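Reading the structure
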Amino acid sequence: MEKTEQLYEGKAKKVFATTDENLCIVSYKDDATAFNGLKKGTIAGKGVVNNRMTNLLMQLLEKAGVPTHFVKELSDRDTLVKKVKIVPLEVIIRNVSAGSFAKRYGVEEGIVFDEPTIEFSYKNDDLGDPLINSYHALALRLATKEEIETIKKYAFKVNEVLKQYFLHLGVKLIDFKLEFGRLTDGTIVLADEISPDTCRFWDAKTNEKLDKDRFRRDMGGVEDAYAEIFKRVTKGE
Ligand code: TMP
Ligand code: ASP
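Basis of the calculations
Residues numbered from 1 in each chain as written. Chains lettered and ligands numbered in written order. Predicted model: local features only at pLDDT ≥ 70, side-chain atom pairs only at ≥ 80, totals over all residues. Heavy atoms only, no water. Pairing = 2+ DSSP bridges. Helix = DSSP H or I, 4+ residues; strand = E, 2+ residues; numbered from the N terminus. Axes fitted to C-alpha atoms, helices over the stretch in contact; angles between N-to-C directions. Contact = heavy atoms within 4.5 Å. Core = buried A, V, L, I, M, F, W, Y, C linked by side-chain atoms within 4.5 Å. Buried < 20%, exposed > 50% of the residue type's maximum accessible area, 1.4 Å probe, protein only. Polar contact = N/O pair within 3.5 Å; in protein donor to acceptor, adjacent residues only side chain to side chain. Near = heavy atom within 4 Å. Areas by Shrake-Rupley, 256 points an atom, 1.4 Å probe, with all protein chains shown as cover. Phe/Tyr/Trp six-rings, centres within 6.5 Å; stacked < 30°, edge-to-face > 60°. Salt bridge = Lys/Arg side-chain N within 4 Å of Asp/Glu carboxyl O.

**Things to note about the sheet that holds strand β1 (residues 3-9)**
Spatial ordering of the open sheet is given by β1-β2-β3-β7-β6, a layout of 5 strands whose pairing is antiparallel. Edge positions in the open sheet fall to β1 and β6 (70-73), since each of these has one partner strand only. In this sheet, adjacent strand axes meet at a mean angle of 30° when their direction is disregarded. Contacting β3 (23-28), β6 and β7 (78-82), helix α1 (residues 46-63) runs over the sheet at an angle of about 130° to β6.

This is the structure we're talking about:
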């Protein structure tokens with residue numbers, strides 16, 4: 001399958017059309033941004049890690065009954081996916097307090113929740129992806145009630161599968177962000193990526209951060225963190 005015209009360039013990926021109108025090629029870049037593009041940089045090799053890790057996890061999730069957009073890995077950075085219309089909601093699941101949760105509620109990071117939480121952000125760069133509840137999402141017609149129910153069900157299932165998977169690799173899955181899309185027939189599938197850009201991973205023994213927080217917070221060792229989590233994931237294959 002060949003790339004035809006570029007459809008879209010995001011902060012971390014490009015999307016190309018193909019000769020098949022139902023398929024696209026996603027191409028992962030090393031570019032990194034944070035705080036809605038305010039902080040910019042590159043993380044050498046990130047595109048390869050995020051592409052290959054996303055594809056491994058999407059295949060694991062498909063087997064567990066979560067439909068995804070994944071079709072085929074084409075190269076280190078390029079993947080063939082089903083064409084979707086992205087539902088403009090960022091779906092965030094948390095197992096442990098961190099990031100904006102800790103900040104918003106004035107609690108420390110690292111509190112293990114009895115039950116995972118879910119929240120939505122309205123995917124809108126001009127507004128800075130504001131937090132939104134399901135009633136507001138319905139009012140804005142971002143998704144239907146049925147779609148929101150399906151998305152919630154899949155998101156918690158993804159959490160169950162990935163939490164176990166990462167624990168076996170000596171990694172705590174703290175929180176993560178998912179995006180879903182609609183196929184042409186309206187079916188909801190998991191889309192976008194699942195990577196150190198979109199998840200918080202802490203080493204199970206030391207709590208060392210193995211994700212993009214090292215870039216967001218200028219902690220150093222960014223490339224090493226991506227390499228380490230990638231090494232564990234590929235060993236766990
Ligand atoms: P938060 O604590 O900053 O709200 O982030 C929650 C999770 O979502 C964390 O794993 C990082 C991920 N995330 C993204 O993938 N994209 C974003 O734009 C933001 C803000 C967070
Ligand atoms: N990539 C996002 C941005 O640039 C934010 C993040 O991941 O922290 O806004």
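**Thoughts on the nonpolar core**
Ranked by size, the top nonpolar core spans 38 residues in total, and within it Phe 166, Leu 178, Leu 190, Ile 194 and Phe 201 carry the most contacts. Elements that contribute at least two residues to this core include exactly α1, β9 (89-96), α4 (145-168), β12 (171-182), β13 (188-191), β14 (199-203) and α6 (222-235). In contact with Phe 166, other than residues within four places in its own chain, are Met 53, Leu 57, Val 171, Phe 201, Ile 229 and Val 233. If you look at the next biggest cluster of nonpolar residues, it comprises 8 residues, including Ala 32, Ala 34, Phe 215 and Phe 230.

**Some remarks on the environment of Gln 59**
Inspection of the secondary structure puts Gln 59 in helix α1. By relative accessible area, Gln 59 is classed as partly exposed at 37%. Once the C-alpha coordinates of Gln 59 and Phe 70 are considered, the two residues, 11 residues apart in sequence, prove to be 7.5 Å apart. Within the local environment of Gln 59, its side chain forms a polar contact with the backbone oxygen of Asn 55, the two atoms lying 3.0 Å apart.

**Some points on the site of ligand 1**
Arg 94, Ser 100, Asp 175, Lys 177 and Arg 200 are the nearest of the 13 residues found near ligand 1. At 2.9 Å, a side-chain N or O of Arg 94 approaches an oxygen atom of ligand 1. Between an oxygen atom of ligand 1 and a side-chain N or O atom of Asp 175, the distance comes to 2.6 Å. With the chains in place, 75% of the 460 Å² that ligand 1 exposes on its own is no longer accessible. No other element matches β12, which puts 3 residues into the shell around ligand 1.

**Describing the packing of aromatic side chains**
By convention here, two paired aromatic rings are described through the distance between centres and the angle between planes. Under the defined criterion, the tally for this structure stands at 5 aromatic pairs. Centre to centre, the rings of Phe 101 and Phe 113 are 5.0 Å apart; their planes meet at 55°, and the pair counts as tilted. Of this pair, Phe 101 sits in helix α2 (residues 99-105) while Phe 113 sits in strand β10 (residues 112-122), placing them 12 residues apart in sequence. Each member of the pair Phe 101 and Phe 113 is classed as buried. Centre to centre, the rings of Tyr 165 and Phe 166 are 5.2 Å apart; their planes meet at 85°, and the pair counts as edge-to-face.

**Examining the pattern of salt bridges**
Inspection of the entire model under this criterion finds 27 salt bridges. The closest approach of N and O atoms between Arg 77 and Asp 30, which form a salt bridge, is 2.9 Å. Taken as a pair, Arg 77 in the loop between β6 and β7 and Asp 30 in the loop between β3 and β4 (31-34) lie far apart in primary sequence, 47 residues in all. The exposure class assigned to Arg 77 is partly exposed, which follows from its relative accessible area of 28%. Residue Asp 30 is classed as buried on the basis of its relative accessible area of 18%. With its nearest N and O atoms 3.9 Å apart, the salt bridge here joins Lys 163 to Glu 160. Pair noted here: Lys 163 and Glu 160 are both in helix α4, with a separation of 3 residues, about one helical turn.

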